[in-house]
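Take a look at the letters that make up each chain.
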Amino acid sequence: MADDSTDTFRTGRTGLVVRIPEAEPVVGGWRERFDPSARAGVPAHVTVLFPFLDGSRTDAHIHSVLADILGGPPAFDLRFERCGRFPEVLYLAPDPDTQLRRLTGAIADRWPEAPPYEGRFTDVMPHLTVAHGQEEAVLEEIEADLTPRLPFTSRISSVELMVHDGTKWRERASFALGTTRS
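Described in the following lines is the structure provided in the data block. Please read all numbers here as calculations on a predicted model, not as lab measurements.

1. Notes on the overall build of the protein chain
Here's step 1: Check the secondary structure of the protein chain and you find five helices and eight strands.
Here's step 2: Taken from N to C terminus, the helices and strands of the protein chain fall in the order β-α-α-β-α-β-β-α-β-α-β-β-β.
Here's step 3: Against the globule reference of 16 Å for 182 residues, the protein chain gives a C-alpha radius of gyration of 16 Å, in line with a compact fold.
Here's step 4: Each of the three principal axes of the protein chain carries a C-alpha extent, and together these read 45 × 35 × 30 Å.

Here is the structure:
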């Protein structure tokens, strides 16, 4: 999800993600080596909201509200056809990212005490992290390997609530998209 700081991997920390299983054959080996969240149990994903509420607060009521919010938007497809960079980070860029931004906005609007990335960024850009905390030469090597293996498409039909149990990130709940009837 975020980085390898001890605060990110503390007991009770939560995040909302969309899994991208189609990415695993493409990025799995690189993520295991160069993305601390992969080694901590987080699958290939795009973050919807991190951090979310503390795990002690994510009770049946919170799950019900999340199910209502996430049940409105329909399932959608994401296409990954290019790499992008942040400082010391290589990621795959989802296209289009509009639906992801809407999901993030809807949840952050409902829980303003849980702004994306604790409000550190003015524009939260959806992305699938492949490598974090690496020098430019390493990122270039990874990108050269990934580029010919793109594009791929992933169907997004749910959002997962992940919680850190003190050792690993684990899925606590899954919320299906498009289940609310008007």
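2. Digging into the sheet that holds strand β7 (residues 158-164)
Here's step 1: Strand order in the open sheet formed by four strands is β2-β1-β7-β8, with antiparallel pairing between adjacent strands. Taken across any chain shown, the strands that pair with only one partner, and hence form the sheet edges, are β2 (45-49) and β8 (169-176). Strand-to-strand twist in this sheet, taken as the mean axis angle between neighbours without regard to direction, amounts to 35°.
Here's step 2: By the bridge criterion, seven bridges tie β7 to β8 in an arrangement that is antiparallel. Residue pairing in the sheet places V163 in a bridge with R170 of β8.
Here's step 3: In the packing of helix α4 (residues 98-110) onto the sheet, contacts are made with β1 (14-19), β2 and β7, and the angle to β2 comes to roughly 35°.

3. Some details on the pattern of salt bridges
Here's step 1: Per the counting criterion, the structure on display carries 14 salt bridges.
Here's step 2: Among the salt bridges present, the one from R155 reaches D77, with a minimum N-O distance of 3.2 Å. You can see R155 sitting in strand β6 (residues 152-156) and its partner D77 sitting in strand β3 (residues 76-86), a full 78 residues away along the chain.
Here's step 3: Residue classification places R155 among the partly exposed positions, given a relative accessible area of 49%.

4. Considerations on the nonpolar core
Here's step 1: Judged by nonpolar contacts, the single largest core of 43 residues is most densely connected at I20, F52, L92, L128 and L146.
Here's step 2: In contact with L128, not counting residues within four places along its chain, are I20, A23, V27, R31, A44, H45, V46, F80, L90, Y91 and L92.
Here's step 3: Counting residues in hydrophobic clusters, the runner-up holds eight residues, among them V17, Y117, M162 and W169.

5. Quick notes on the pairing of β1
Each regular strand shows side chains that alternate between the opposite faces of the sheet.
Here's step 1: Counting buried positions along β1 gives five out of six residues, so the element sits mostly inside the fold.
Here's step 2: Pairing between β1 and β2: four bridges, direction antiparallel. Note that in β2 the partner of V17 across the bridge is T47.

6. Considerations on unusual backbone geometry
Here's step 1: Following D95, the chain continues to P96 via a peptide bond in cis, the omega torsion being -5°.
Here's step 2: Here the bond from L150 into P151 is cis, since omega is 5°, no more than 30 degrees from zero.
Here's step 3: Inspection of the secondary structure assignment puts P151 in the loop between α5 (136-146) and β6.
Here's step 4: Phi at E88 is positive, roughly 60°, even though this residue is not glycine.
Here's step 5: By secondary structure assignment, the location of E88 is in the loop between β3 and β4 (89-95).
Here's step 6: Of note, the phi angle at E118 is positive, near 55°, even though the residue is not glycine.
Here's step 7: For E118, a relative accessible area of 44% corresponds to the partly exposed category.

7. Observations regarding the packing of helix α3 (residues 60-71) against α4
Here's step 1: Packing of α3 against α4 leaves a shortest axis separation of 10 Å and a crossing angle of 140°. In terms of orientation, α3 lies oblique with respect to α4. Crossing of α3 against α4: the hand is right-handed. Side by side, α3 and α4 meet where H61, V65, L66, I69 and L70 of the first sit next to L103, A106, I107 and R110 of the second.
Here's step 2: Taken together, the residues of the contact of α3 with α4 break down into seven nonpolar, one polar and one charged.

Cut-off values and rules
- Residues numbered from 1 in each chain as written.
- Predicted model: local features only at pLDDT ≥ 70, side-chain atom pairs only at ≥ 80, totals over all residues.
- Heavy atoms only, no water.
- Helix = DSSP H or I, 4+ residues; strand = E, 2+ residues; numbered from the N terminus.
- Rg over C-alpha atoms; globule rule 2.2 N^0.38 Å.
- Pairing = 2+ DSSP bridges.
- Axes fitted to C-alpha atoms, helices over the stretch in contact; angles between N-to-C directions.
- Contact = heavy atoms within 4.5 Å.
- Salt bridge = Lys/Arg side-chain N within 4 Å of Asp/Glu carboxyl O.
- Buried < 20%, exposed > 50% of the residue type's maximum accessible area, 1.4 Å probe, protein only.
- Core = buried A, V, L, I, M, F, W, Y, C linked by side-chain atoms within 4.5 Å.
- Parallel < 35°, antiparallel > 145°, perpendicular 65-115°, else oblique.
- Left-handed = near helix turned anticlockwise from the far one by under 90°.
- Nonpolar A, V, L, I, M, F, W, Y, C, P; charged D, E, K, R; others polar.

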